[in-house]
There are 2 protein chains.
Amino acid sequence: MNKNEQHIKNIFEIDEWKLIETKIHETENDFLIGESLTSLGNGLMGSRGNFEEGYSGKTHKGVYNGGVWFPDKTKVGWWKNGYPEYFGKAINSLNFLELEIKIDNVKLDLFIQKPTSFLRELDMKNGILSRKFTTLISDIKIDVYTERFLSIHNPEMVYIKYSIKPDKDCNIEIKSILNGDVHNLDSNHGEMFWDSVSSTKDETNTFVAIKTKPNNFGVERFVVAGAMNNEVNIKHEKKIEVKPLVGTEILKIFVKANENCTLIKKIAILSSRNHEKSKIKKIALDKLEKSDDYEKAKELHFAKWNKRWENGDISIEGDAKSQQGIRFSLFQLFSTYYGEDSKLNIGPKGFTGEKYGGATYWDTEAYCLPVYLSTAPSYVAKNLLLYRYDQLKQAKHNARQQGLDGALFPMVTFNGVECHNEWEITFEEIHRNGIMAYAIYNYINYTGDEEYLKTNGIEVLIELSKFWASRVHYSKAKKMYMIHGVTGPNEFENNVNNNWYTNTISKWTLEYTLKSLKKLKITDEIQLKKYELTKKDLIKWEEIQKNMYLPYSEEKKIFVQHDTFLDKDMMRVDQLKARDRPIVNNWSWDKILRSVFIKQADVLQGMYLFQENYTKDELKKNYEFYEQFTVHESSLSSCIHSILAAKLGKIDDAVKFYLRAARLDLDNYNDDTKDGLHITSMAGSWMSIIEGFGGMRVIDGILNFSPTIPKIWKSLSFNILFRKNLIKMQITNKEIKITNTKGENIKIKLFNEDVLLEKTFTKII
Amino acid sequence: MNKNEQHIKNIFEIDEWKLIETKIHETENDFLIGESLTSLGNGLMGSRGNFEEGYSGKTHKGVYNGGVWFPDKTKVGWWKNGYPEYFGKAINSLNFLELEIKIDNVKLDLFIQKPTSFLRELDMKNGILSRKFTTLISDIKIDVYTERFLSIHNPEMVYIKYSIKPDKDCNIEIKSILNGDVHNLDSNHGEMFWDSVSSTKDETNTFVAIKTKPNNFGVERFVVAGAMNNEVNIKHEKKIEVKPLVGTEILKIFVKANENCTLIKKIAILSSRNHEKSKIKKIALDKLEKSDDYEKAKELHFAKWNKRWENGDISIEGDAKSQQGIRFSLFQLFSTYYGEDSKLNIGPKGFTGEKYGGATYWDTEAYCLPVYLSTAPSYVAKNLLLYRYDQLKQAKHNARQQGLDGALFPMVTFNGVECHNEWEITFEEIHRNGIMAYAIYNYINYTGDEEYLKTNGIEVLIELSKFWASRVHYSKAKKMYMIHGVTGPNEFENNVNNNWYTNTISKWTLEYTLKSLKKLKITDEIQLKKYELTKKDLIKWEEIQKNMYLPYSEEKKIFVQHDTFLDKDMMRVDQLKARDRPIVNNWSWDKILRSVFIKQADVLQGMYLFQENYTKDELKKNYEFYEQFTVHESSLSSCIHSILAAKLGKIDDAVKFYLRAARLDLDNYNDDTKDGLHITSMAGSWMSIIEGFGGMRVIDGILNFSPTIPKIWKSLSFNILFRKNLIKMQITNKEIKITNTKGENIKIKLFNEDVLLEKTFTKII
């Protein structure tokens, strides 16, 4: 363990397919980390790994519905013109997990009745969370087994199984709850965000619907509705209670010694995003009625997870730690988003916590898109692009807020309107616009779907280019175009001039847009007018992109992060003291800003995107220069370093950074896993392996591989969906085997040499 | 009128000694401007020009006690390490003005009963505010005359006179109120800041005491107490009512037609800053008992104001607008602070509003100190220095919050602890530390009080130098010391590198500290140890100050505001559109930051302070360069430009900027006078005249004058207290007459030539 990483520990055991915990980690931080790590999601909704029966120690109950949010009063210090008026929050929603268990009138609470044995398992292969424990409650020993899953086969259904076996005759009372009376950890002053709509019951089912409170910002009010049914395998008395916001079923059961009392709680959860408010009750109750029984539902759910793994799994033999890391990353990423709904996106914490707010960051395009391109049908990646396309109008509004032309996609949003208020981020971290153009390029280059450029892409590219053209200025002093006052991906510097990454990607955007216009033959004034363009605009764009200033050091032969970066005190990361790390927790903001230390390296991010434009020697010089100053306090940093290190043959670095990316949360690297998982950066783990160790790259529409794996790995295997082919890679230290599992013969490149892949190709190395 | 200054208008008539309003300005903004401009203060407390009888239109009731404040929850967006926990606010306090008048049961309210004649006068010569109006209430015509003053002879006493003459027999009911149930316009969410302590009555007097609410920050709770007595010249029935927070005396009077009914309301206002809480009631009632009667008190108050003018007045013949501006500036400045209490300071809004919070900005040392040096006994300026000296411990705490050595005086404070939370200001506008050193130099240079350096000054200088030595870094690339990440006085740029002003004043501070240590013979290790210094530190300081990087343009022969300023789009102010002005209200923050437009010019501020270090040609080049980009949206900007313009013989510029400084609030230049007056910048008007048109400068302890006045001015006269002399300057376009009114013969310089001033010296020009 590095002296700077004293808080790093894993509370779950290393296992290739599971997270296994054999005791309750009672310290507050560890308990919350455990809850974060055992989160489940099915794209539509998700929940933290809370104990169903509750826990009187520190716990963070969290249940979330995708796309359901509240425009909370913004927490702003000093107002600036152009700030948005509200801050959109993913809010804690109708809690379907809750049970209250009483054994002979004593409440089951593992914080009080410490279990004599305890096992919690998150089975990633099948997408199910289970617990098995034994504890003494009064003088009754009970064995408990619980299971739950959020169906991915029928994503509005949740299933919970809860078995209790007492060693003596006893009375068990189970209160099964649908709770809309939920708090938000992230509210400004403890405000509640929900009103009651309806709470009803019939003989078998309970129904609760809640609605987000009114707001002054014209944002729609969401309804979330739940219908539940609870059955126990032993004869019991049942009572149903409902009050505003909360519905409860109370089941009283006499259980004989050593008899198994098993509750099946089935819940249908629907939201007004997908159903008419007036019909939601009927649909929920119908859905519940028609739903599969527990075992059948479980079987279908397992099958679908197994299918996902068939396409997307990455297998690493010989290093369980690395193996667990990548599977955990993919499991959580797929649990958050599997592309079914173009109105949803990938929030930074997914369904695992409520910090940060918003549902969409530039992470989606920069990190998540590549994963879905290679592991899911192409409509999934397309849906991610359409999400932004559909918000182009709002992006124009955002640009106008800053007095600029074209469109500015938001830093943080639910609906396309910016909802974050820090001038150095909201107004200045505009590089986010660059990756929007790159994502269009990336999608078309990968899928070959040229049609998308015409139907949607070009419109977005034009607005992005208009934005950049209005955001640059011409410096008479340097006779170049410049971009002043930005924050790059390295958020540890604010308001810098000529950030190399921002200038590079804006220059590239203009170039790509011009090329695309030519390709689509949108060149004459009549055609251009449709996009509110003239030939003069295109001439201007050409001039800007040709004369964009890109800071470079002749002496060091490196691209310079921004104008005055090299004037800094060039202290290295290895000169930092342990007590300084992470610097974001220990240093005053001004000290961080003027320091040389980098949260994630701007120049390397740019060189990664445009790898083909640089020689290996250029890459090496820049990598070695920036790496010594990079503290990787961004969850998005390590994976890029891992990929570039692999490319440079720095295999130890590549492994180190891969592990940091893949086990960021498992090992609590940045000491913040308790708040929830870093969902978007999970994609980075995949990138590290496929693009780093696998050396995958699509160049001019051709799939390339240049694999290299660490000595301790016996093998690395993965599948890649590429256009109509499913390609299986199996890499050992001795040979590379490429199998064309599905699709026609395909021309690919291996170590830059052409290979016509018919069925299987093997290269001894 | 300039196209960019469409909101500029004066609602009061031009008069040399008065503000005169002959109708009620009913539009909301104008009414509030009127209330701001007619504020009164006596150093200890003050109030806005609210109508005593209330007003149901938009009004901002404001009564403030110097040094009484509340540590409110800070309004912070995104927390940064090192931020202070609370925001100190000057709060609305016990309102002693309020009356409620009923004529035959109908409430007098000039918003309802529009007056047929109206006159409001602020008499600056005597420090009294009066109104005279006639209105019809039901069918009774009443003539009202009111007067009030906050005694500067007996500063805990307030006097109000209120006369009503009805044209018919009627019943008048007067409720005279001491109201502690006051709201704060600037509270975050409408919170109240006061609790009740005591409300009592006897036959003649009413007493109310209120106490600031408890806080979690360990800040003392203040008590403000008021005792009042109300007398009417006509037989009447009197009732006294008290409830928590509020005390009321109700007087019922039968008044005959054309009889004058006159109320005298006397109020003693005390605070726990000056009195023991347990005794405050007795002292307040005693004070009220023993207070002078109305006419006597008024006479003493007038006499003292007249005395102030005798020393401090500036007379301008031939330009009533200029004359009114400077008298208004001095009146408001002296009303806020006249140096009696070293625990008080000069808040940005004085007693005229509650915006901004805090009581002390760098304005005090940079702008106000020079005025008090020349117009008040030297203990007044010394008290301002001691105020900071007494807060050295807190300033050390502030530096530690940022991980730095030495002391950092706060941006905004009541007690020395920083209470402002914007990283670009709190952490980066550190030039404020520079003026603290300069103030010590300025005070000693002006007064000749060398002893102060030894007893207090050196300790402060050392801590300031320690701060700068820990805040600079050495750039290996440039082989110079640099200061990165600052905000200069020009707050329209944030987080810049090598701000010329900041680097210049920090270099000067190190130099001055080293010189002072030598002068005081604090040079050996034993002596140095007392200040936690070693010889090595001094060597380091010397090295830093000798190698401090100061951006300079060889091409333009100007000092450069900061590293990359000349790379900007060099658009000029005259190219701005009217709708852009003021840019702070119309542009997004990022646009302001990357624009070339300057709120107040850093380089000129530095050249102003260190005038003797630069040639006239250097000054001219820099003035002409920066002036074209300066929008003067800081209240502190125009005066510096006026002084430098006068020095450069640009007399039209000098007048223009003088008027902008002196009439900033009278003419509502920045469209924000409604919030209160720009008290500290009032000092700038004085500087413009004395240092600009008077050309006064103290160089190496010698008083210098180089007067020049605009053609339209018939004459300019003012007094200067300089050490033991009182010197009267009388300047016309033909001659300069200097009279040594008080003190021994003194050697001064006129236009850089020695003059031995015995009694009078006249120079024909």
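Refer to the structure above for everything that follows.
Numbering of residues starts from 1 in every chain and runs along the sequence as written. Chain letters and ligand numbers both follow the written order, the letters beginning at A and the numbers at 1. Residue-level local features of this predicted model are given only where pLDDT is at least 70; pairs of side-chain atoms are given and counted only at 80 or more, and the full residue set underlies all totals for whole chains, interfaces and linings. Only hydrogens and water are set aside; all other atoms, that is, all heavy atoms of the structure, feed into the side-chain values.

Looking now at the overall build of chain A. For helices the rule is a DSSP run of H or I covering at least 4 residues; for strands it is a run of E covering at least 2, with both sets numbered from the N terminus onward. Each helix and strand counted, chain A has 20 helices and 32 strands in total. Put simply, the radius of gyration uses C-alpha atoms, and a globule should come to 2.2 Å times the residue count raised to 0.38. Compactness check: chain A gives a C-alpha radius of gyration of 27 Å against a globular reference of 27 Å for 765 residues, within 12% of the reference. In terms of overall dimensions, chain A has C-alpha extents of about 85 × 60 × 55 Å along its principal axes. Per-residue burial for chain A yields a buried fraction of 65% across its 765 residues. Per-residue accessibility takes into account occlusion by the displayed protein chains alone, with areas from the Shrake-Rupley method and a 1.4 Å probe. Accessible surface for chain A amounts to roughly 27800 Å². Of this, 49% is attributable to carbon and sulfur atoms. Seen as two clouds, the 108 positive and the 104 negative side-chain charges of chain A have centres 2 Å apart. Summary of the burial criterion: residues with accessible area below 20% of their type's maximum are buried, those above 50% are exposed, and those between are partly exposed, where the area comes from a 1.4 Å probe applied to protein chains only. Working convention for charge: Lys and Arg count positive, Asp and Glu count negative, and His plus the chain ends are omitted. Just so you know, the charge point we use is NZ for Lys, CZ for Arg, CG for Asp and CD for Glu.

On to the interface of chain A and chain B. Residue contacts are defined here by distance: any two heavy atoms, one from each residue, within 4.5 Å place the two residues in contact. Chain A puts 47 residues into the contact, and the matching count from chain B is 47 residues. Each of two parts loses accessible area, computed with a 1.4 Å probe, when they are put together; buried area is these two losses added. Between chain A and chain B, the buried area comes to about 3900 Å², and carbon and sulfur atoms account for 51% of it. Taken as a group, Trp78(A), Asp567(A) and Arg594(A) account for 19% of the area that chain A buries against chain B, more than any other trio of residues on that side. We count a salt bridge whenever a side-chain nitrogen from Lys or Arg sits within 4 Å of a carboxyl oxygen from Asp or Glu. Summed over the shared surface of chain A and chain B, the result is 6 salt bridges. Between Lys478(B) and Asp567(A) there is a salt bridge, with its nearest N and O atoms 2.9 Å apart. Pairs of N or O atoms within 3.5 Å make up the polar contacts considered here, provided that, within protein, one atom can donate a hydrogen while the other can accept it, and that residues adjacent in sequence are counted only when both atoms are side-chain atoms. Taken together, the links from chain A to chain B amount to 22 residue pairs in polar contact (both at pLDDT 80 or more). Mapped by element, the contributors of at least two residues to the side of chain A that touches chain B are helix H8 (423-427), strand S21 (473-475), helix H14 (583-586) and helix H15 (589-594) of chain A. Residues were grouped as follows: Ala, Val, Leu, Ile, Met, Phe, Trp, Tyr, Cys and Pro as nonpolar; Asp, Glu, Lys and Arg as charged; and all remaining residues, including Gly, as polar. Its residues placed into classes, the side of chain A that touches chain B shows 15 nonpolar, 18 polar and 14 charged.

So, about the relation of the copies chain A and chain B. Alignment of the copies relies on least squares applied to C-alpha atoms, considering only residues that score at least 70 for pLDDT in both. Rotating chain A by 180° and translating it 0.0 Å along the rotation axis places it on chain B, where the RMSD comes to 0.1 Å. Interpreted geometrically, this transformation is the action of a two-fold axis. Among all residues of chain A, the one whose C-alpha sits closest to the rotation axis is Gly77(A), at a distance of 2.2 Å. A share of 100% of interface residues in chain A that are also interface residues in chain B marks the association as one of identical surfaces.

Residues and elements named next belong to chain A. Within the secondary structure, Thr 364 is located in helix H5 (residues 363-375). With 72 residues separating them in the primary sequence, Thr 364 and Met 436 have C-alpha atoms 9.6 Å apart. Among all residues touching Thr 364, those that are not within four sequence positions of it are Asn 345, Ile 346, Leu 369 and Leu 384. In terms of polar contacts, Thr 364 uses its side chain to reach the side chain of Asn 345, at 2.6 Å.

Let us look at the pairing of strand S26 (residues 702-705) of chain B. Residue and element names in this part refer to chain B. Here 3 bridges tie strand S25 (residues 697-699) to S26, and the two strands are oriented antiparallel to one another. Its bridge partner lying in S26, Ile 699 is registered against Ile 702. Only strands joined by at least two bridges in the DSSP assignment are considered to pair. Taking the residues that link successive antiparallel strands as the turn, the S25-S26 hairpin has 2 residues, and the phi of Asp 700 there is positive, at about 50°. Two elements, S26 and strand S30 (residues 746-750), share 2 bridges in a ladder whose sense is parallel. Counted as the bridge partner of Phe 705 is Leu 750 from S30.

All names here are of chain B. Expected helix span is given by 1.5 Å per residue-to-residue step, counting one fewer step than there are residues. Under the 1.5 Å per step criterion, the end-to-end length of helix H10 (residues 451-471) is 30 Å for 21 residues, consistent within 8% with the ideal 30 Å. Of all bends in H10, the biggest is about 60°, found at Gly 457. Within H10, 15 of the 21 residues are buried, which leaves the element mostly enclosed by the surrounding structure. We define the bend at any residue as the angle between the axes fitted to the seven residues before and including it, ending there, and the seven starting there.

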